[in-house]
Amino acid sequence: MKIAATLLVIGTALVAAPAFAQPTAAQQDAIRSACRSDFLSLCAGVPRGGKEALDCLRNNAAKLAAGCRTAVTAVTPAAPAAPPAAAAKPEPAPTPAPAA
């Protein structure tokens, strides 16, 4: 039973890992190159090179230059698709009570 639980935890972590994956070295270089001026103007008080820096750029995506926005969105996980809405079944009309 412990083995099954351990495997379940590991499997869940592996499935969830892409959502929390760190940018690759190439992606980090692209962001540093394309976002230098955006970072200085929008995120000046944020420590450079970490999660906070990337979060600041993501939070300011609408204000970023096109090249910077492209570099940042390349490492931003896509939002999960919303599940399809369940079809609502209409309630049956109440049956009238028989006259007494």
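Structure report, in brief. Just so you know, these numbers come straight off a predicted model, no measurement behind them. (Residues numbered from 1 in each chain as written. Predicted model: local features only at pLDDT ≥ 70, side-chain atom pairs only at ≥ 80, totals over all residues. Heavy atoms only, no water.)

**Focus on the overall build of the protein**
- Helices and strands together make up the secondary structure of the protein, namely four helices and zero strands.
- Going residue by residue from the N terminus, the α and β elements of the protein occur as α-α-α-α.
- Burial statistics for the protein: of 100 residues in total, 16% are counted as buried.
- In the protein, the share of contacts with a sequence separation of at least 24, taken over all contacts with a separation of at least 6, comes to 38%. (Helix = DSSP H or I, 4+ residues; strand = E, 2+ residues; numbered from the N terminus. Buried < 20%, exposed > 50% of the residue type's maximum accessible area, 1.4 Å probe, protein only. Contact = heavy atoms within 4.5 Å.)

**Some remarks on the nonpolar core**
- Core analysis: the biggest nonpolar cluster contains 13 residues, and Ile31, Cys35, Leu57, Cys68 and Val72 have the highest contact counts within it.
- Within the residue set of this core, elements represented by two or more residues are helix H2 (25–42), helix H3 (51–59) and helix H4 (66–75).
- When near neighbours in sequence (up to four residues on either side) are disregarded, valine 72 contacts Ile31, Cys35, Leu54, Leu57, Arg58 and Leu64. (Core = buried A, V, L, I, M, F, W, Y, C linked by side-chain atoms within 4.5 Å.)

**Notes on the state of the cysteines**
- Throughout the structure, instances matching the rule amount to two disulfides.
- The side chain of cysteine 35 participates in a disulfide bridge whose partner is cysteine 68; the two sulfur atoms lie 2.0 Å from each other. Torsion about the S-S bond of the cysteine 35 and cysteine 68 cystine: about 110 degrees, corresponding to right-handed handedness. Taken together, the positions of cysteine 35 in helix H2 and cysteine 68 in helix H4 put the pair 33 residues apart, joining distant regions of the chain.
- Overall, cysteine 68 belongs to the buried group, its relative accessible area being 0%.
- The disulfide bridge from cysteine 43 ends at cysteine 56, spanning 1.9 Å between sulfur atoms. Across the S-S bond of cysteine 43 and cysteine 56 the torsion is about -95 degrees, and the bridge reads as left-handed. Of this pair, cysteine 43 sits in the loop between H2 and H3 while cysteine 56 sits in helix H3, placing them 13 residues apart in sequence.
- Residue cysteine 43 is classed as buried on the basis of its relative accessible area, which comes to 1%.
- A relative accessible area of 11% means that cysteine 56 is categorised as buried.
- Regarding the disulfides, the protein carries the connectivity 1-4, 2-3 under sequence-order numbering of its bonded cysteines. (Disulfide = S-S within 2.5 Å.)

**A closer look at H4**
- For H4, the complete set of buried residues consists of Cys68, Ala71, Val72 and Val75. Buried residues in H4, looked at end-on, bunch into an arc of 95 degrees, giving them a common side. Along H4, the residues that are exposed and aim more than 90 degrees away from the buried face are Ala66, Thr70 and Ala74. (Arc of directions from axis to C-beta.)

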